[in-house]
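# Per-entry structural report
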Protein chains: 2
Amino acid sequence: MKKIGVLIGKLYETSEYSEPAEAFKDAGYELVHIGKEKGEKVSDKNGENPVTIDEVADNVSPEDFVALLIPGGYSPDALRSDEKIVDFLRNYFTLDKPVFTICHGPQLLVTAEVLSGRTLTCYKSVIMDVKNAGANYVDREVVVDRNLITSRTPKDLPAFIDASLKMLKERN
Amino acid sequence: MKKIGVLIGKLYETSEYSEPAEAFKDAGYELVHIGKEKGEKVSDKNGENPVTIDEVADNVSPEDFVALLIPGGYSPDALRSDEKIVDFLRNYFTLDKPVFTICHGPQLLVTAEVLSGRTLTCYKSVIMDVKNAGANYVDREVVVDRNLITSRTPKDLPAFIDASLKMLKERN
């Protein structure tokens, strides 16, 4: 079964994980949750819906995954202080493999230094950070720029999931 | 009584508010809590220690305060999506008046676009954002750059508070 890596940490935005995760599983993909500590249970912003971390970034390789999903909330802020996760994401992204991210997710791409010249959208509070990272910010429900699919908030999830499933189908 | 403005929102880092707040009150300053909604009660990262918002940014002026305190946690992320708070901070900062901030606090200064050429420290996850904003990041417990005092984490609070009290004394 083809695998999608999910970069996830504590205080993730509930629906930005659960809705794409369900859609990807329904489409036949297996999810591998990558985080700071194997076996750790990370809860959402309400302290609920714990997700178990399957692997740390050291134990995975870009070839293992057909795509990466990065949900928002405060999870990206927690993950961007982990250099191994940032390095893994940079390696994955620079191979032009699909990365789907929403809300605060692009914070991780800023730290990975891969946004120069790229076009994307994100949550309002992160706009200045992606602009300062050299990206072209646009205010749209979903933006597809080569391997990168981005959205702004949970309201955009239907368009985000549709675009992500389409890219998965085209590339696999 | 001379006033210090505190820019504060939900999910603030407990000690990064409570310890400087206590020190400033002990030194004879009155605190005015500025946030998104007057009368709102904002809790810390543990959902505890509610702080009541005294004023919104529209109703205050830089002349009202001898300094601003910006605690960390996820509070700065919540505040940086409020354009009136960002505008107030930009106006205050560009008058060269004292701004004391720690941890994630510099995120607000990034959005206010006042960090170009300035030297500061901050929490690890925010380093790339302050560098991309044109600031010179240094890894020290406290950094004093003209009107700006910054620290990294709650561990740095004693040095942060000492430097802040010293600047208040020199300037008042």
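Because the structure is a prediction, the values reported are computed rather than measured.

## Brief notes about the overall build of chain A
Per the secondary structure count, chain A includes six helices and 11 strands. For 172 residues, the compact-globule formula gives about 16 Å, and the C-alpha radius of gyration of chain A, at 14 Å, lands near that figure. For the C-alpha atoms alone, the extent of chain A along its principal axes is close to 35 × 35 × 30 Å. Counting across all 172 residues of chain A, residues that qualify as buried make up 52%. Contacts in chain A between residues far apart in sequence, at least 24 positions, make up 64% of those at least 6 positions apart.

## Focus on the confidence of the model for chain A
When pLDDT is averaged along chain A, the result is 97; 100% of the residues meet or exceed 70. Across the predicted assembly, pTM comes out at 0.95 and ipTM at 0.94.

## Considering the relation of the copies chain A and chain B
Once chain A is rotated about the relating axis by 180° and shifted along it by 0.0 Å, it coincides with chain B to within an RMSD of 0.0 Å. In the structure described here, the two chain copies are related by an operation that fits a two-fold rotation axis. Most of the interface of chain A is mirrored in chain B: 100% of its interface residues are interface residues there too.

## Some details on the environment of T153(B)
Residues and elements named next belong to chain B. Looking at where T153 falls in the secondary structure, it is placed in the loop between β11 (148–151) and α6 (157–171). Residue T153 is classed as partly exposed on the basis of its 18 C-beta neighbours within 10 Å. Along the backbone, T153 and E141 are 12 residues apart, and their C-alpha atoms lie at a distance of 8.1 Å.

## Some points on the interface of chain A and chain B
Between chain A and chain B, the contact holds 12 residues from the first and 12 residues from the second. Mapped by element, the contributors of at least two residues to the side of chain A that touches chain B are α4 (106–111) and α5 (127–132) of chain A. Among the elements that take part in the side of chain A that touches chain B, α5(A) stands out by supplying three residues, more than any other. Taken together, the residues of the side of chain A that touches chain B break down into four nonpolar, four polar and four charged.

## Focus: the sheet that holds strand β6 (residues 67–70) of chain B
All names here are of chain B. The seven strands lie next to each other as β5-β2-β1-β6-β7-β11-β10, forming an open sheet whose pairing is mixed. Among the strands making up the open sheet, the edge pair consists of β5 (55–56) and β10 (143–145). As paired strands, β6 and strand β7 (residues 99–102) are joined by three bridges and run parallel to one another. When the bridges of β7 are listed, L69 appears paired with F100. Together, β1 (3–7), β2 (30–35), β6 and β7 form the strand contacts of helix α1 (residues 14–26), whose direction differs from that of β2 by roughly 145°. Across the sheet, α6 is in contact with β6, β7, β10 and β11; its angle to β11 comes to roughly 170°.

## Observations regarding the pairing of β6(B)
Residue and element names in this part refer to chain B. In β6, alternate side chains face the same way, and those of A67 and L69 on one face and L68 and I70 on the other are all buried. Where β1 meets β6, three bridges bridge the pair, whose relative direction is parallel. In the strand pairing of β6, I4 is matched with A67.

## Remarks on α6(B)
Residues and elements named next belong to chain B. When the terminal C-alpha atoms of α6 are compared, their 21 Å separation across 15 residues agrees well with the 21 Å that a helix rising 1.5 Å per residue should span. All buried positions along α6 are accounted for by F160, I161, S164, M167 and L168. On an axial view of α6, the arc spanned by its buried residues comes to 130°, and they lie on one face. Pointing more than 90 degrees away from the buried face of α6 are the exposed residues K166, K169 and E170. Next to the buried residues of α6 lie α1, β6, β7 and β11.

Each value, and the rule that gives it
- Residues numbered from 1 in each chain as written.
- Chains lettered and ligands numbered in written order.
- Predicted model: local features only at pLDDT ≥ 70, side-chain atom pairs only at ≥ 80, totals over all residues.
- Helix = DSSP H or I, 4+ residues; strand = E, 2+ residues; numbered from the N terminus.
- Rg over C-alpha atoms; globule rule 2.2 N^0.38 Å.
- Buried ≥ 20, exposed ≤ 12 C-beta atoms within 10 Å, placed from the backbone.
- Contact = placed C-beta atoms within 7 Å.
- pLDDT = per-residue confidence, 0-100.
- Least-squares fit on C-alpha atoms with pLDDT ≥ 70 in both.
- Nonpolar A, V, L, I, M, F, W, Y, C, P; charged D, E, K, R; others polar.
- Pairing = 2+ DSSP bridges.
- Axes fitted to C-alpha atoms, helices over the stretch in contact; angles between N-to-C directions.
- Expected span 1.5 Å × (residues − 1).
- Arc of directions from axis to C-beta.

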